[in-house]
Amino acid sequence: MAVVADPYTEKSDEQKAITEMVHQFADEQILPNAEHYDHEDVFPEPIVEQMKELGLFGVTIPEEYGGMGLDLTTYAMIVEELSRGWISISGIVNTHFIGSYLLMQFGSEEQRQKYLPDMAAGKIRAAFSLSEPELGSDVQAIKTSGVKREDGSWEINGQKMWVTNGLLSSLVFVLVKTDPTADPRHRGFTCFIAEKEPGAAENTGPYKGLNVPPKIKKLGYKGVESTELVFDGYHCPAENILGGEEAGLNRGFAQMMDALEVGRVNVAARGVGIAQRALELALRYSQERKTFGRPIAEHQAIQFKLADMATQVDAARLLTLRAARMKDAGERSDLEAGMAKLFASEAGRFCVEECFRIHGGYGYSKEYEIERLYRDAPLLLIGEGTSEIQRMVIGRKLLARHKI
Ligand SMILES: Cc1cc2nc3c(=O)[nH]c(=O)nc-3n(C[C@H](O)[C@H](O)[C@H](O)COP(=O)(O)OP(=O)(O)OC[C@H]3O[C@@H](n4cnc5c(N)ncnc54)[C@H](O)[C@@H]3O)c2cc1C
């Protein structure tokens, strides 16, 4: 297939084909069923099974490990389409994507061969875990500890918080403090690949000591579970240190920060997807609903809302694709990924609120899709760094790049 980009959509033929396929999947399988899974807060198993068949768990995993071997830009386009359907669906893929990125970037060949083929097929899914009950933004305050035992394995103790896919995942890429005396602190953290039994609240056998309390009840982002993880004397073999003990011990912080950069492009794409859906709903409703004898879309105040929404959607998409393309080209894109995440997640919230206002009283009813979007959108302001943290990142990087 040609890799020439269309001048208007800037998508190659391959990107067009795959995004059209995912768009159709969202229209036919996600959107008609999201309301049910959201209201019941149950895991959308049949949708996930179809995603496995479509290969969506292995989009960026190289072909030699059974994936599609596509770049971050194409992945971002796919995430936009999934999120347009329902952000919980993209959430099931997103932590898995971060896990596979960590393996591709920092894993040993042995670890890649062990996990990537099953991950590409969606047979096993991955979670990633930094946050704890007392910290989210301040990652270096992590308390969960890893101590080396006499038999060479590592004992992990501590509590993790807000782990997306925490129950149903088979692997958790977990950041743990392994050198409490490290100065600076960030040199004292290690990323372990913690294996677990998917679906087990209490792990047994080799995974004993890793327990998953009942899922956290949330405002939105239903269907996909967010859980705590309690490590209580959990033993992790040294070969499950990301990259192996020699290469990976006390390197976890830098590894996770690298992964968060692509994670930011990922959340930005989710912001574009939810904003795009809000725009579609607003365009439709505003032409159907009449007040004062004409469709509300003919009132200038409503047209201005639509104009602002469409402008935000396009700007968010362009920023997101720029950050992804720079990363794919091997250029430094930390600043651009931060900008994309900040702008697109705020655009998501803005467009959803404008769409909600356009729906008047019906926006407050569970009968209308916008009600779900209104509960889902705020998550994107928080995950992978809040808007305040993004501004800190952008500000610091900006000054570093323009030092006088
Ligand atoms: C549904 C959901 C799913 C999640 N999934 C995951 C996951 O899979 N894995 C994972 O590790 N984490 C996950 N998280 C956690 C998420 O990353 C954190 O919630 C986020 O990083 C914010 O941390 P916090 O909640 O501890 O807020 P805090 O860090 O306590 O921040 C509270 C407020 O203070 C502001 N603030 C903090 N520091 C500063 C500062 N220096 N200057 C200015 N303002 C500041 C913040 O912006 C925020 O407004 C998830 C969270 C949610 C809600």
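Now for a look at the structure at hand. (Residues numbered from 1 in each chain as written. Predicted model: local features only at pLDDT ≥ 70, side-chain atom pairs only at ≥ 80, totals over all residues. Heavy atoms only, no water.)

Before going further, it helps to spend a moment on the site of the ligand. Close contacts around the ligand come from 18 residues, with Leu130, Ser137, Trp162, Thr386 and Glu388 the closest. Residue serine 131 places a side-chain N or O atom 2.8 Å away from a nitrogen atom belonging to the ligand. Tryptophan 162 is positioned such that a nitrogen or oxygen atom in its backbone is 2.9 Å from a nitrogen atom of the ligand. Here the ligand loses 64% of its free accessible area of 970 Å² to cover by the protein chains. Of all the secondary-structure elements, those providing two or more residues to the shell around the ligand are β1 (126-129), β3 (154-164) and α11 (387-401). Taken together, the residues of the shell around the ligand sort by class into 10 nonpolar, seven polar and one charged. (Near = heavy atom within 4 Å. Polar contact = N/O pair within 3.5 Å; in protein donor to acceptor, adjacent residues only side chain to side chain. Areas by Shrake-Rupley, 256 points an atom, 1.4 Å probe, with all protein chains shown as cover. Helix = DSSP H or I, 4+ residues; strand = E, 2+ residues; numbered from the N terminus. Nonpolar A, V, L, I, M, F, W, Y, C, P; charged D, E, K, R; others polar.)

Okay, helix α7 (residues 252-288) next. When the terminal C-alpha atoms of α7 are compared, their 53 Å separation across 37 residues agrees well with the 54 Å that a helix rising 1.5 Å per residue should span. Counting buried residues in α7 gives 29 out of 37 residues, a clear majority hidden from the surface. (Expected span 1.5 Å × (residues − 1). Buried < 20%, exposed > 50% of the residue type's maximum accessible area, 1.4 Å probe, protein only.)

What follows is about the nonpolar core. Inside soluble globular proteins, nonpolar side chains tend to come together where they are buried. Of all hydrophobic cores here, the largest spans 91 residues; its most connected members are Leu82, Met119, Phe173 and Leu175. With 17 residues, α7 is the single largest residue contributor to this core. If we skip the residues at most four places from it in the chain, leucine 82 touches Val22, Phe25, Ile30, Leu56, Ile89, Ser90 and Val93. (Core = buried A, V, L, I, M, F, W, Y, C linked by side-chain atoms within 4.5 Å. Contact = heavy atoms within 4.5 Å.)

For strand β2 (residues 145-148) and β3, the ladder comprises four bridges, and the chain directions are antiparallel. Bridging from a neighbouring strand, glycine 146 pairs with isoleucine 156 of β3. Between β2 and β3, which follow one another and run antiparallel, lie five residues, and glycine 152 among them has a positive phi close to 95°. (Pairing = 2+ DSSP bridges.)

Taken as a whole, this structure holds eight aromatic pairs when the rule is applied. For the ring pair phenylalanine 189 and phenylalanine 253, a centre distance of 6.3 Å and an interplane angle of 40° mean the geometry is tilted. Taken together, the residues span a long stretch of sequence, with phenylalanine 189 in strand β5 (residues 189-195) and phenylalanine 253 in helix α7 at a distance of 64 residues. Three or more aromatic residues joined by ring pairs form one cluster here, namely Tyr285, Tyr362 and Tyr368. (Phe/Tyr/Trp six-rings, centres within 6.5 Å; stacked < 30°, edge-to-face > 60°.)

Taken by themselves, the reported measurements are silent on function.
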